[in-house]
Amino acid sequence: MAAHPLPTIDPDRTEFGFARSVCACAVCTRSCRFIPGYLVPADLARLAQHLAPGEDLCAWSRGHLLASPGALVLRQGRVFRIPTLVPARREDAACRFLTSDSRCSIHAVAPFGCAFFDDHQTAAESDRRSQRGLQAVLAAWQNGDAYAQVWIMLAKAGLVAPPPEVCRARMRQADKPSLNEKGDV
Ligand code: SF4
């Protein structure tokens with residue numbers, strides 16, 4: 001099997017000092033179908049402004065985002081969640097921004113949880129980036145800024161995403177060959 005080319009780096013977009021990576025290989029776009037990336041606070045206004053300039057942020061968010069219970073985090077021996085905003089889903093549970101030809105329709109302004117991660121990164125690098133993004137989300141909650149207010153509004157409206165561990169379990173399940181495939185009993 002041919003080795004997959006490494007993703008390119010886009011130096012024109014950075015967040016927290018990280019340069020975004022650009023990859024649309026099947027492995028990387030798998031996340032778009034099962035576990036779309038989370039937004040950091042800076043993504044909220046950027047996405048709304050890009051997609052619907054002038055539209056009320058709450059109204060826009062209701063049509064495009066979901067409140068996720070968020071990642072499980074271990075700190076000082078205690079496990080807790082940091083609730084995050086994530087893209088809304090299509091009927092098949094894929095990200096609503098994923099096109100029929102498996103491209104991101106908002107590539108230029110894709111959320112931090114998408115744009116700065118790819119399947120070719122080491123786990124250590126991915127963890128480093130994720131921790132930095134979640135730190136910004138946690139600060140938004142502590143300050144009660146728009147990110148937290150939108151999350152609460154979406155949750156009250158029942159616009160919620162499955163927990164990330166459930167999404168990951170579904171992705172792993174889909175990766176397994178079906179027991180009912182031809183030749184299996
Ligand atoms: S926003 Fe774009 S990159 Fe992120 S999950 Fe959706 S389609 Fe994929």
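One can find the structure itself at the top, above this paragraph.
Thresholds, definitions, all that
- Residues numbered from 1 in each chain as written.
- Predicted model: local features only at pLDDT ≥ 70, side-chain atom pairs only at ≥ 80, totals over all residues.
- Heavy atoms only, no water.
- Helix = DSSP H or I, 4+ residues; strand = E, 2+ residues; numbered from the N terminus.
- Expected span 1.5 Å × (residues − 1).
- Buried < 20%, exposed > 50% of the residue type's maximum accessible area, 1.4 Å probe, protein only.
- Arc of directions from axis to C-beta.
- Contact = heavy atoms within 4.5 Å.
- Near = heavy atom within 4 Å.
- Nonpolar A, V, L, I, M, F, W, Y, C, P; charged D, E, K, R; others polar.
- Phe/Tyr/Trp six-rings, centres within 6.5 Å; stacked < 30°, edge-to-face > 60°.

Participant: Explain helix α7 (residues 164–175) here, please?
Facilitator: An α-helix turns once per 3.6 residues; consequently, residues spaced three or four apart project the same way. In this model, α7 (12 residues) spans 16 Å end to end at C-alpha, consistent with the 16 Å of a helix rising 1.5 Å per residue. Among the residues of α7, those classed as buried are Pro 164, Cys 167 and Met 171. Looking down the long axis of α7, one finds its buried residues gathered within 60° of arc, a one-sided arrangement. The inward-facing, buried residues of α7 contact α1 (26–34), β3 (65–75) and β4 (78–87).

Participant: I keep staring at the site of the ligand and nothing clicks. Help me out?
Facilitator: Taken together, the residues surrounding the ligand are Cys 32, Pro 36, Cys 95, Phe 97, Leu 98, Cys 104, Ile 106, Pro 111 and Cys 114. A per-class count over the shell around the ligand returns 9 nonpolar, no polar and no charged.

Participant: I'm lost on the packing of aromatic side chains in this one. Help?
Facilitator: Given two aromatic rings, their pairing is described by the distance between the two centres and the angle made by the two planes. Overall, the coordinates contain 5 aromatic pairs when judged by the stated rule. Geometrically, the ring pair formed by Phe 112 and Phe 117 is edge-to-face, given 5.5 Å between the ring centres and 85° between the ring planes. An angle of 75° between the planes, with centres 5.4 Å apart, marks the rings of Trp 141 and Trp 151 as edge-to-face. With Trp 141 in helix α5 (residues 123–143) and Trp 151 in helix α6 (residues 146–156), this residue pair connects regions lying 10 residues apart in the sequence. By the ring-pair criterion, three or more aromatic residues cluster together here, those being Phe 16, Tyr 38, Phe 112, Phe 116 and Phe 117.

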